[in-house]
Amino acid sequence: MSGRILHVTRRVGGIMGRLLLYVLIWAGLALLIAAVGIRFYWGEISVNQMLLNLVSVETDGGEDPLCGWAFWGSVSCPWSSPLRWP
Amino acid sequence: MGILGIGVVPLVITVALAIGHYFLRRRRSSGGSRPRRSPWIMRTVSTLLVGALVIGGTTAFATTVGVGDYIKAANSPYNIGEYHVEPAVTGDGEKRNLVLIYLESGEETLANDELFEKDAFLPLKEATPAAEGWQSVQDFQQYDGGGWTMAGFVSTQCGVPLKGVGSSSSSNSRELDDDGETYLGGTTCLGDVLEEHGYQNVFLGGANSSFAAKDTFLRTHGYTEQMGLSDWRAAGEPESGFRSDWGLSDERLMANARDKIDELHAEAEQTGQPFNLSLLTLDTHEPVHVYDYCDVDTENNVTSVFSCSMTEVAGFVEYMKERGYLEDTAVVIMGDHLKHMSAGDAFHEQLDHHGNRTIFNRIWIPGQGPDTTLRHGMDQLSMYPTILEAAGFTLENSEAGLGVSAFASEVPGDSAQALEPEAYNELLGSLSPRFYGEAWIGSRGE
């Protein structure tokens, strides 16, 4: 019985560990690309500037469309009302 | 592109790695091939690579958005609320019409023809000569953090640095102004003061009004009419007058501004109620777009585009002069911020190590001669009381927000402007959660 539990625990642990590994790879890549993109298009900015622009999803006729570049922007912006993120 | 870059590309790479790894494991487990190296070496190398990616990505992002400064600001002992002054108008007997022109990225440094191929501001300088009474604040500074349009608007019209309540330590910060109907509604800004004194506030800009919630800011602060990209399209502006990524050209904006000032001035003469016409240019936002009315005569077309934009604004100033509007209308022209310096932008060689980058500005007050001296070296926050005094108001101690009017010969001792530079910068950087919490709540006087 304990052998079976140990086997299941090892298997679940292995899957969780692999999942964590891929989440870390994804997060690292997303942060790196966001940093490069922000530097290229806007230069160094402040946290305030980033937060205040997260809602800016328009691609036409605007300024500082950080939303798409921000790490979580692609997830949160389309459902955010203006100024949800001050 | 952004969503593709951040949302999709990392996901695709990660999934590709996972699939590749899965098939490699299957091949090995089915005995198809034997690992040439010890699995422990492979695991160690993989762990180090993933660790480097996570640490590198986090560090790059943190330095790009200044997380360190943000943490320092969160622990600052300063509070903007302790220095903020509600503007107290002590007289409006000489109130007059106001034209406020924001020049996109209007940095005075670009007027240096020793650094650049030509003085890009020459057309505007020639239209606003000191000999005729045009004044300017020498060494007009951008406050630390004021390098984008909305920060320029808020600092010069409300006298405070632009910050959100996302920084607030208040547990219910997300409840504040969650509906997005107001923008710093708890703060008294230029449009509010003017509206209270009977002004009609109108804004014309070439770009999308709703971008960065500019329309919400203007609507919250007394602007009853605003025109932006969608309005120009609806009005049937020719397609050649638009740039696809931004909006209406400065040439067409100024043409519309001429019509609007004719209308507003005629109304003001009839009703006796003054107006505030605010404009924001866009040609000079990088990457620049060369419209057909702009002859590029410099190696770097950014210099020519700046010059062409200034020519358009100068044309509008000349128009006001010809029509006699300058006899009863104050004019304030200023850059909304310094020129952006992202990796893809021009003039890194000239500007990256420049010791004193300043914002272009000109002020016209009817009847005022060339002998007036404005306070040197002030920043955007002091432009708020300066504009009010240019419009003919007198203010208690010449103060509004954190600023002191450029017309004041002395700065009050308890003003933020009297702080030492280091303390002042720390004050502007402080998150001041209570102040901004109240400022974002929604309506003044609550």
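Residues numbered from 1 in each chain as written. Chains lettered and ligands numbered in written order. Predicted model: local features only at pLDDT ≥ 70, side-chain atom pairs only at ≥ 80, totals over all residues. Heavy atoms only, no water.

(A) Spotlight on the overall build of chain B. Secondary structure summary: chain B contains 14 helices and 10 strands in total. C-alpha atoms of chain B, sized along the principal axes, occupy 95 × 50 × 45 Å. Relative to its full complement of 446 residues, chain B shows a buried share of 55%. Restricting the contact set of chain B to residue pairs at least 6 apart, pairs at least 24 apart contribute 75%. Accessible surface, chain B: about 19100 Å² in total, of which carbon and sulfur atoms supply 50%. When the 30 positive and 64 negative side-chain charges of chain B are each reduced to one mean point, those points stand 17 Å apart. (Helix = DSSP H or I, 4+ residues; strand = E, 2+ residues; numbered from the N terminus. Buried < 20%, exposed > 50% of the residue type's maximum accessible area, 1.4 Å probe, protein only. Contact = heavy atoms within 4.5 Å. Areas by Shrake-Rupley, 256 points an atom, 1.4 Å probe, with all protein chains shown as cover. Lys, Arg positive; Asp, Glu negative; His and termini not counted. Charge placed at Lys NZ, Arg CZ, Asp CG, Glu CD.)

(B) Layout of the sheet that holds strand S5 (residues 275-280) of chain B. Residue and element names in this part refer to chain B. Taken in spatial order, the 6 strands line up as S4-S3-S5-S2-S6-S7 in an open sheet, and their pairing is mixed. Looking along the sheet, the strands with just one partner apiece sit at the ends: strand S4 (223-227) and strand S7 (361-364). Sheet twist, expressed as the average angle between the axes of neighbouring strands with direction ignored, equals 10°. Two elements, strand S6 (residues 329-335) and S7, share 4 bridges in a ladder whose sense is antiparallel. Its bridge partner being in S7, Ile333 is matched across the sheet by Arg362. Sheet strands in contact with helix H12 (residues 383-390) are strand S2 (97-103), S6 and S7, and its direction is about 160° off that of S6. (Pairing = 2+ DSSP bridges. Axes fitted to C-alpha atoms, helices over the stretch in contact; angles between N-to-C directions.)

(C) View of the packing of aromatic side chains. Residue and element names in this part refer to chain B. Inspection of every chain in the model, using the stated rule, returns 15 aromatic pairs over all chains. Between Phe121 and Phe360, the aromatic rings sit 4.6 Å apart at their centres with planes inclined by 20°, giving stacked as the arrangement. Here the residue Phe121 occupies a position in the loop between S2 and helix H4 (122-127), and Phe360 occupies one in the loop between helix H11 (348-351) and S7, the gap between them amounting to 239 residues. Assigned by exposure class, Phe121 and Phe360 land together as buried. With a centroid separation of 5.4 Å and 5° between ring planes, the pair formed by Tyr291 and Tyr293 is classed as stacked. Assessed through its relative accessible area of 3%, Tyr291 is described here as buried. Each residue in the set Tyr102, Phe153, Tyr183, Phe203, Phe217 and Trp440 is aromatic and connected to the rest through ring pairs, giving one cluster. One Lys or Arg, Arg233, reaches over the ring of Phe242 and ends 4.5 Å from the middle of that ring. One Lys or Arg, Arg258, reaches over the ring of Tyr319 and ends 5.7 Å from the middle of that ring. (Phe/Tyr/Trp six-rings, centres within 6.5 Å; stacked < 30°, edge-to-face > 60°. Lys NZ or Arg CZ within 6 Å of the ring centre and 35° of its normal.)

(D) Spotlight on the state of the cysteines. All names here are of chain B. With the rule as written, the count across this model stands at 2 disulfides over all chains. With a sulfur-sulfur separation of 2.0 Å, Cys158 is cross-linked through a disulfide to Cys189. Around the S-S axis, the bridge from Cys158 to Cys189 shows a dihedral of about 105° and counts as right-handed. Taken as a pair, Cys158 in helix H5 (residues 149-158) and Cys189 in the loop between H5 and helix H6 (190-196) lie far apart in primary sequence, 31 residues in all. The class of Cys158 is buried, set by a relative accessible area of 0%. Each disulfide of chain B joins two cysteines, and with those cysteines numbered along the sequence the arrangement is 1-2, 3-4. (Disulfide = S-S within 2.5 Å.)

(E) Molecular detail of helix H10 (residues 301-322) of chain B. In a regular helix each residue adds 1.5 Å, so 22 residues correspond to 32 Å; H10(B) covers 31 Å between its end C-alpha atoms and thus fits that length. For H10(B), a buried count of 16 out of 22 residues is recorded, marking the element as mostly surrounded by other parts of the structure. (Expected span 1.5 Å × (residues − 1).)

(F) Structural view of the nonpolar core. All names here are of chain B. Core analysis: the biggest nonpolar cluster contains 62 residues, and Leu162, Tyr183, Phe217 and Val332 have the highest contact counts within it. When residues of this core are traced back to their parent elements, those giving at least two are S2, H5, H6, helix H7 (214-220), S6, H12, helix H13 (421-429) and helix H14 (433-441). Counting 47 residues, the second largest nonpolar core, distinct from the first, contains Phe116, Leu277, Phe306 and Phe360. (Core = buried A, V, L, I, M, F, W, Y, C linked by side-chain atoms within 4.5 Å.)

(G) Highlighting unusual backbone geometry. All names here are of chain B. Here the bond from Glu286 into Pro287 is cis, since omega is 0°, no more than 30 degrees from zero. Considering the arrangement of structural elements, one finds Pro287 in the loop between S5 and H10. One non-glycine residue, Leu184, lies in the positive phi region at around 50°. Inspection of the secondary structure puts Leu184 in the loop between H5 and H6.

(H) Quick peek at the confidence of the model for chain B. All names here are of chain B. Of the residues in chain B, 93% reach a pLDDT of 70 or more, and the chain-wide mean stands at 91. For the stretch residues 167-178, pLDDT sits under 50, and the model shows 19 contacts to residues farther than four places along the chain or on other chains. For this predicted complex, the interface confidence reaches an ipTM of 0.72, while the overall pTM sits at 0.86. (pLDDT = per-residue confidence, 0-100.)

(I) Summary view of the layout of surface pockets. If you add up the space inside the largest pocket, you get close to 1300 Å³. The wall of the largest pocket is formed by 44 residues, among which Ser46(A), Tyr143(B), Asp144(B), Gly145(B) and Gly146(B) lie closest to the centre. Breaking the lining of the largest pocket down by element, the ones donating at least two residues are helix H2 (47-53) of chain A together with helix H3 (67-74) and H13 of chain B. Per-element tally for the lining of the largest pocket: the top contributor is H13(B), with 5 residues. (1 Å grid on protein atoms, 1.4 Å probe; cavity = no way out; pocket = protein on both sides within 12 Å on 5 of 7 lines; lining within 4 Å. Points joined across faces, edges and corners; volume = space filled by probe spheres on them.)

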